[in-house]
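These are the residues of each chain, in order.
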Amino acid sequence: MTMSRADLARLDADDPLAARRADFALPDGVIYLDGNSLGALPRATGRRLAEVVGHEWGEGLIRSWNQAGWIDLGVRVATKIGHLIGAAAGEVAVADSTSINLYKLLAAAIGLRPGRRTVLTEEGNFPTDIYIAEGLLGQLGPDYRLRRVPAARIGAAVDDDTAVVMLTHVNYLTGAMHDATALTRAAQARGALMLWDLSHSAGALPVDLGAAGADLAVGCGYKYLNGGPGAPAWLYVAARHHAGFRQPLSGWLGHAEPFAFEDGYRPAPGIARAICGTPPILSLAALECGVDTFAGMDMGALRAKSMRMGDLFIALVEDACAGQGLTLASPREATRRGSQVSFRHGQGYAAMQALIARGVIGDFREPDVMRFGFAPLYLRYVDLWDAAEALREVLVSRAYDRLEHRQRAAVT
Ligand SMILES: *Cc1c(COP(=O)(O)O)cnc(C)c1O
């Protein structure tokens, strides 16, 4: 392959998204390839949080629930997220964590499919998705089971006992992407509901839950949506299911009239019944700034840049690091990948630490996967070149042998 850094600089010069990078406060000397784990900080967030803390909380105090619109903030952010995922008005709520939303939606899905006792998922799904299903089904009783099958066999494994098929659209480890429409159809053809986890999709590629016919979905706020560490998550319930949707965390803010202070629970008529308690306003305000980094965004253009970046990174790394023990863990075909590329390496953990020490930040996932995420809003094409060169330097110099890089931190 004959590609030079100047070729990549030319791609940056022609990049219609290049100006978006200025919306983020990125540190100098860092190439950030981990926006799939924690999105970068939007410049607007610090200012907005200072205003919410100093003015709305500090001066407005409790009046701000009404006067600063805190009580409507969740709906406002949910509407903006809805535009990114092909939801109709009133089908998305912002609340809790992805894990908790999975719990609520799985429980509601089982309630919507009485007599069916299987949750079907794929082997190698993100751990929390599996753990939450295990916890819920364990509580429901011994008749309920979580069935895990290899990704390629999901469609054929749906049967008359399947209440819900729970899949992550883009696999966290490999970046492999499912065909959402085809699998949704396969699930529904056997009478099951389809629940998509879009944690690695929303904000990374065009998603159209309405067109796919999905029943339920969840996703993170702190990955590609740039909402900040531990940002609230979101959930989606197709409008046709609202009337029958009952979730177990029937808290007061999901009540039809929270401020009536009634003794018994009556669910709100629409998506608000998926809410449990008081929203975290500071985090929600930060999430809104993150979601606003997509304002007016042509998601098709974003996807085009993301696919091109993935293809280029694979080519650059395979060229620069040939013979250094890396193997591609992601689909080679861009249309079958999300916005990340993963490579396996026997010393993957230490190699990633050595890379991070050089200012190129990706992450590591067991057992041997080095992950590189591409957030097209703030990444430059030259960053791909520089990252591949840094990776070459780490591997050729065997920097991964150094003790300081081999010690495992709590978060990998
Ligand atoms: C990141 C991620 C989560 C995270 O769940 P939290 O409750 O926010 O910790 C869940 N599912 C998938 C597929 C993820 O990628």
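Conventions we followed
- Residues numbered from 1 in each chain as written.
- Predicted model: local features only at pLDDT ≥ 70, side-chain atom pairs only at ≥ 80, totals over all residues.
- Heavy atoms only, no water.
- Helix = DSSP H or I, 4+ residues; strand = E, 2+ residues; numbered from the N terminus.
- Rg over C-alpha atoms; globule rule 2.2 N^0.38 Å.
- Buried < 20%, exposed > 50% of the residue type's maximum accessible area, 1.4 Å probe, protein only.
- Contact = heavy atoms within 4.5 Å.
- Areas by Shrake-Rupley, 256 points an atom, 1.4 Å probe, with all protein chains shown as cover.
- Pairing = 2+ DSSP bridges.
- Axes fitted to C-alpha atoms, helices over the stretch in contact; angles between N-to-C directions.
- Phe/Tyr/Trp six-rings, centres within 6.5 Å; stacked < 30°, edge-to-face > 60°.
- Lys NZ or Arg CZ within 6 Å of the ring centre and 35° of its normal.
- Core = buried A, V, L, I, M, F, W, Y, C linked by side-chain atoms within 4.5 Å.
- Domains from an automatic or database assignment.
- Near = heavy atom within 4 Å.
- Polar contact = N/O pair within 3.5 Å; in protein donor to acceptor, adjacent residues only side chain to side chain.

Draft legend 1. Inspection of the overall build of the chain at higher detail. A count of helical and extended segments in the chain gives 14 helices and 13 strands. For the chain, whose C-alpha radius of gyration is 22 Å, the value lies close to the compact-globule estimate of 22 Å for 412 residues. For the chain, the C-alpha atoms occupy an extent of roughly 70 × 55 × 40 Å along the three principal directions. Considering the chain as a whole, with its 412 residues, one finds that 53% of them fall into the buried category. Relative to all contacts within the chain whose residues are 6 or more apart in sequence, the contacts with residues 24 or more apart total 73%. Summed over its atoms, the accessible surface of the chain is roughly 17,300 Å², and 54% of this surface lies on carbon and sulfur atoms.

Draft legend 2. Structural detail: the sheet that holds strand β4 (residues 145–149). Taken in spatial order, the seven strands make up an open sheet running β2-β8-β7-β6-β5-β3-β4, and their pairing is mixed. Whereas interior strands pair on both sides, the edge strands pair on one side only; in this sheet they are β2 (92–94) and β4. Within this sheet the neighbouring strands show an average axis-to-axis angle of 20°, counted without direction. Both strand β7 (residues 216–219) and strand β8 (residues 234–237) contribute to a ladder of four bridges, which runs antiparallel. If you follow Gly219 over to β8, its bridge partner there is Trp234.

Draft legend 3. Region of the structure containing the packing of aromatic side chains. In this structure the tally under the stated criterion is 11 aromatic pairs. A centroid spacing of 5.8 Å and a plane angle of 40° characterise the contact between Trp252 and Phe261, whose relative ring orientation is tilted. What links up through ring pairs into an aromatic cluster is the set Phe313, Phe343, Phe372 and Phe374. The ring of Phe126 carries the charged tip of Lys223 above its face, separated from the ring centre by 5.2 Å.

Draft legend 4. The arrangement of the nonpolar core in detail. Ile81, Ile85, Val165, Trp196, Leu209, Trp234 and Tyr236 are the most contacted members of the largest nonpolar core, which totals 56 residues. Per element, the largest residue contribution to this core is seven residues, and it comes from helix α4 (residues 70–85). Summarising the domain contributions, this core has at least three residues from each of domain 1 (5–42 + 298–406) and domain 2 (49–292). With 40 residues, the next largest nonpolar core counts Met3, Leu8, Trp385 and Ala399 among its residues.

Draft legend 5. How the structure looks around the sheet that holds strand β12 (residues 363–365). Pairing in this open sheet of four strands is antiparallel, and the strands run β9-β10-β13-β12 from one edge to the other. At either margin of the open sheet sits one strand with a lone partner, and together these are β9 (327–328) and β12. When β12 meets strand β13 (residues 369–373), the two strands line up antiparallel, connected through three bridges. Each bridged residue has a counterpart across the sheet, and for Asp363 the counterpart in β13 is Arg371. Each of β9, β10 (340–344) and β13 touches helix α11 (residues 299–320); the most contacted strand, β10, lies at about 25° to it.

Draft legend 6. Quick look at the environment of Met352. Note on placement: Met352 falls in helix α12 (residues 348–357). When the C-alpha positions of Met352 and Thr2 are compared, they lie 26 Å apart, and in sequence the two are 350 residues distant. Once you skip the residues sitting within four places of it in the chain, Met352 turns out to touch Gly362, Asp363, Phe364, Met370, Arg371 and Phe372.

Draft legend 7. Looking closely at the site of the ligand. Not every one of the 13 residues close to the ligand is listed here, only the nearest: Ser99, Asp197, His200, Tyr222 and Lys223. Here an oxygen atom of the ligand sits 2.6 Å away from a polar atom, N or O, in the side chain of Ser99. Between the ligand and the protein, one listed contact pairs an oxygen atom with a side-chain N or O atom of Lys223 at 2.5 Å. Contact with the protein chains removes 87% of the 390 Å² of surface that the ligand exposes when unbound. Of all the secondary structure elements, the ones that give two or more residues to the shell around the ligand are α5 (98–112) and α6 (127–140).

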